[in-house]
Every structure is written in C-alpha cells, then in structure tokens.
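Chain by chain, the residues run as shown.
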Amino acid sequence: AQAAFKKNKQWYQRRVRGNSGGGGGPSHGGYEEEPAPVVLMVHGLDPKMNPMRLFNILCMYGDVNKIKFLMTKKGIAMVEMKDLKGAENILRYVNRLSVLGSQLNVSHSKHREVVIYGPPGLLDDGSEAVQVFIQSRFLRYATPKKASKNRLVEATKVLHFFAMPLEVDEDFVLKLLEDKGCPTPTSISMHKSEVCSAGLLEFDTVEEATDTVAIANHLQGSIKGNRYILKLAFTGKKSMPTGDRAAANTNGDGEKSKSK
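Note that the coordinates shown come from a computational prediction; the quantities given were computed from them, not determined experimentally.

Cut-off values and rules
Residues numbered from 1 in each chain as written. Predicted model: local features only at pLDDT ≥ 70, side-chain atom pairs only at ≥ 80, totals over all residues. Heavy atoms only, no water. Helix = DSSP H or I, 4+ residues; strand = E, 2+ residues; numbered from the N terminus. Buried < 20%, exposed > 50% of the residue type's maximum accessible area, 1.4 Å probe, protein only. Pairing = 2+ DSSP bridges. Axes fitted to C-alpha atoms, helices over the stretch in contact; angles between N-to-C directions. Contact = heavy atoms within 4.5 Å. Core = buried A, V, L, I, M, F, W, Y, C linked by side-chain atoms within 4.5 Å. Polar contact = N/O pair within 3.5 Å; in protein donor to acceptor, adjacent residues only side chain to side chain.

Asks: For this particular structure, what's the right way to read the environment of Lys85?
Replies: Of note, Lys85 is situated in helix α4 (residues 84-93). A residue is classified by how much of its surface remains accessible, and Lys85, at 46% relative accessible area, is partly exposed. When the C-alpha positions of Lys85 and Pro37 are compared, they lie 9.9 Å apart, and in sequence the two are 48 residues distant.

Asks: Which parts of the structure should I look at to understand unusual backbone geometry?
Replies: The phi angle of most residues is negative, glycine excepted, and most peptide bonds adopt the trans form. Within the chain, His218 stands out as a residue other than glycine whose phi angle is a positive 70°. When you line up the elements, His218 lands in the loop between α7 (206-216) and β11 (219-223). The backbone of Lys224 shows a phi angle near 55°, a positive value even though the residue is not glycine. Relative to the helices and strands, Lys224 is located in the loop between β11 and β12 (226-234).

Asks: Just to check I follow, could you spell out the sheet that holds strand β1 (residues 38-43) for this structure?
Replies: The strands making up a sheet are joined through hydrogen bonds of the backbone, oriented either antiparallel or parallel. With respect to topology, five strands assemble into an open sheet ordered β6-β1-β3-β2-β7, the strand pairing being antiparallel. Whereas interior strands pair on both sides, the edge strands pair on one side only; in this sheet they are β6 (105-108) and β7 (130-132). Each strand axis lies, on average, 20° off the axis of its neighbour in the sheet, ignoring direction. Two strands pair when backbone bridges link them, and strand β2 (residues 64-69) and strand β3 (residues 76-81) are joined in this way by five bridges, in the antiparallel orientation. Across the sheet, residue Lys68 finds its bridge partner in β3, namely Met78. Across the face of the sheet, helix α3 (residues 51-58) comes into contact with β2, β3 and β7 while running at roughly 140° to β2. α4 rests against β1, β3 and β6 of the sheet, and its axis sits at about 145° to β6.

Asks: Would you mind showing me how to read the nonpolar core here?
Replies: A general feature of soluble globular proteins is that nonpolar side chains tend to end up buried together. By size, the foremost hydrophobic cluster in this structure holds 61 residues, and its most contacted members are Leu54, Ile67, Phe69, Phe161, Leu201, Leu230 and Phe234. In terms of residues, this core owes the most to one element, β12, which gives six residues. Leave out the neighbours within four places in its chain, and Ile67 touches Pro51, Leu54, Phe55, Leu58, Met78, Val79, Ala129, Val130, Gln131 and Phe133. The next biggest cluster of nonpolar side chains, apart from the first, holds six residues, and it includes Val39, Leu70, Met78 and Val114.

Asks: I'm lost on the environment of Ser127 in this one. Help?
Replies: Structurally, the position occupied by Ser127 is in the loop between β6 and β7. Residue Ser127 is classed as buried on the basis of its relative accessible area, which comes to 17%. Counting along the chain gives 75 residues from Ser127 to Met52, while the straight-line C-alpha distance between them is 8.9 Å. Among residues more than four places away in sequence, those in contact with Ser127 are Asn50, Pro51, Gly121 and Leu122. A distance of 2.6 Å separates the side chain of Ser127 from the side chain of Asp125, its partner in a polar contact.

Asks: Can you help me understand the pairing of β3 in this one?
Replies: A regular strand carries its side chains on alternate faces of the sheet. Where burial is concerned, most of β3 is hidden: six out of the six residues are buried. Burial along β3 is two-sided: the face carrying Ile76, Met78 and Glu80 and the face carrying Ala77, Val79 and Met81 are both buried. The pairing of β1 with β3 spans six bridges and is classified as antiparallel. When the bridges of β3 are listed, Met41 appears paired with Met78. The hairpin turn running from β2 into β3, its antiparallel successor, is six residues long, and Gly75 in that turn takes a positive phi close to 85°.

Structure, rendered in structure tokens:
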C-alpha cells in the first residue's frame with residue numbers, strides 16, 4: 001500500500017506541474033485551478049452501506065468526486081477524491097474505521113479516475129451503485145472559506161450537529177435519529193445563536209457515533225415551514241463536558257435503538 005501511495009503521489013505531482021505550465025508545484029496556480037483526482041479502494045463495506053452513506057463519512061476529510069460500488073465484487077467501492085490531500089486524509093482517518101458492523105480498509109487504486117459506463121446498477125437497498133458528487137452542495141472543502149471551518153480529527157463518540165433552524169430542540173433531534181434507525185445517544189446538549197441551532201451528541205461507543213454519521217448526516221426535512229439539513233461532524237472529544245450533558249431518551253422498552 002505504501003509503494004502504491006508513493007507511486008500515485010509522484011504521478012500526481014507530475015500532473016500538477018503539467019497543469020501549472022511547467023516549473024510549478026503544488027504551491028503554483030495549477031494546484032488550485034485543476035487538482036488531479038486520486039482514486040481509493042474501500043473494502044469491507046457492509047450490505048447496509050451505499051454511496052451516500054459512505055460519502056457522509058468521507059466528506060468530513062476531503063471533497064469526493066464520485067463513488068462507485070462494484071456490482072461484481074460485493075463490499076468494495078472505488079472512491080474518486082478531488083485531490084491528493086483529501087485522499088491522504090481518508091487514508092489517515094478512515095482506514096480501519098468500523099461502520100455499520102464492518103471495518104473499512106482503504107488503499108490507493110491503480111486507477112486514476114472512476115469511469116462510469118452506462119446506467120448504474122442497484123444495490124440491495126434500492127439505491128444506485130454509482131453517485132457523482134462533483135457539484136454537491138454538501139462538499140465541505142469546495143472553497144477556502146468552507147475548508148477553514150473543518151477540523152481534521154479522528155472518529156470519537158461525541159458528534160457536533162449544526163446549521164439547524166432555531167425551532168429545533170433536543171427532542172426533535174432525538175426523534176429524527178430514532179426514526180432513521182440510528183443508535184440512541186446517551187447525552188445531548190444544544191445551544192442557539194441568532195440564526196441557527198447547534199449542539200453535541202454523545203454515544204456509548206465510537207462505532208455508534210460513526211454509524212449515526214453514515215445514516216443521518218445531511219438528512220433533509222422541514223419544521224414549521226423552515227427547511228433544514230442535519231450536518232454532523234466528529235468533535236475529537238472523548239466525552240462531553242459535564243455541564244453540557246442532558247440524558248437522552250430511550251425507546252418505550254427502555255432500551256437503546258440499534259442502527260439499521
């Protein structure tokens with residue numbers, strides 16, 4: 001894997017110099033104007049995974065161009081990242097991460113782009129096996145301003161949710177997660193600015209937090225006529241500050257729900 005990474009990085013740097021008109025490197029105009037994509041292979045995908053759920057995790061570390069689940073090789077996907085930096089972040093923070101009961105194994109691919117032939121196949125859940133995210137509004141590194149708002153941290157059991165309408169309260173967030181089959185958080189806290197609601201969610205384990213990101217990141221809906229997009233990110237915190245803790249509700253049987 002290290003040899004493939006080194007070879008891919010050398011090719012990437014050569015392409016960047018070519019884009020900048022020669023003599024340039026990543027600090028020259030070619031890098032900003034036309035970064036060369038890098039393809040990763042992701043193995044160990046659970047049948048409950050699909051391109052959108054995988055994107056929900058990867059988007060925290062770099063911009064994704066395309067995701068293609070292989071129809072002939074179950075549990076494997078090709079991911080085209082916008083640039084080398086994003087690919088490096090995925091290798092560092094997502095490789096060996098457990099999601100929906102399976103451990104992801106990420107490595108560099110010999111391919112230099114994800115090519116789409118014909119109509120995409122359908123996965124077990126009915127979603128398309130191929131999705132293109134190049135123009136997605138969920139990209140978090142599309143501009144320097146957007147990129148500056150991200151924190152590169154390892155997966156932890158505390159999540160940050162943000163950009164929700166002021167009408168949203170703790171019960172609304174908990175019910176939203178429950179309806180989507182997410183694990184039930186053990187604690188929740190919320191604060192409101194003049195324009196939006198945000199807060200923290202703590203789970204029993206890192207795996208539960210990661211499952212919640214896969215399932216619920218970018219959920220869309222409306223409350224009292226106001227549209228919302230639930231945005232999630234890892235905080236890097238091992239636990240919530242004691243003063244912010246508020247016990248989350250359990251289901252009617254007193255048991256925590258499990259991810260679907």
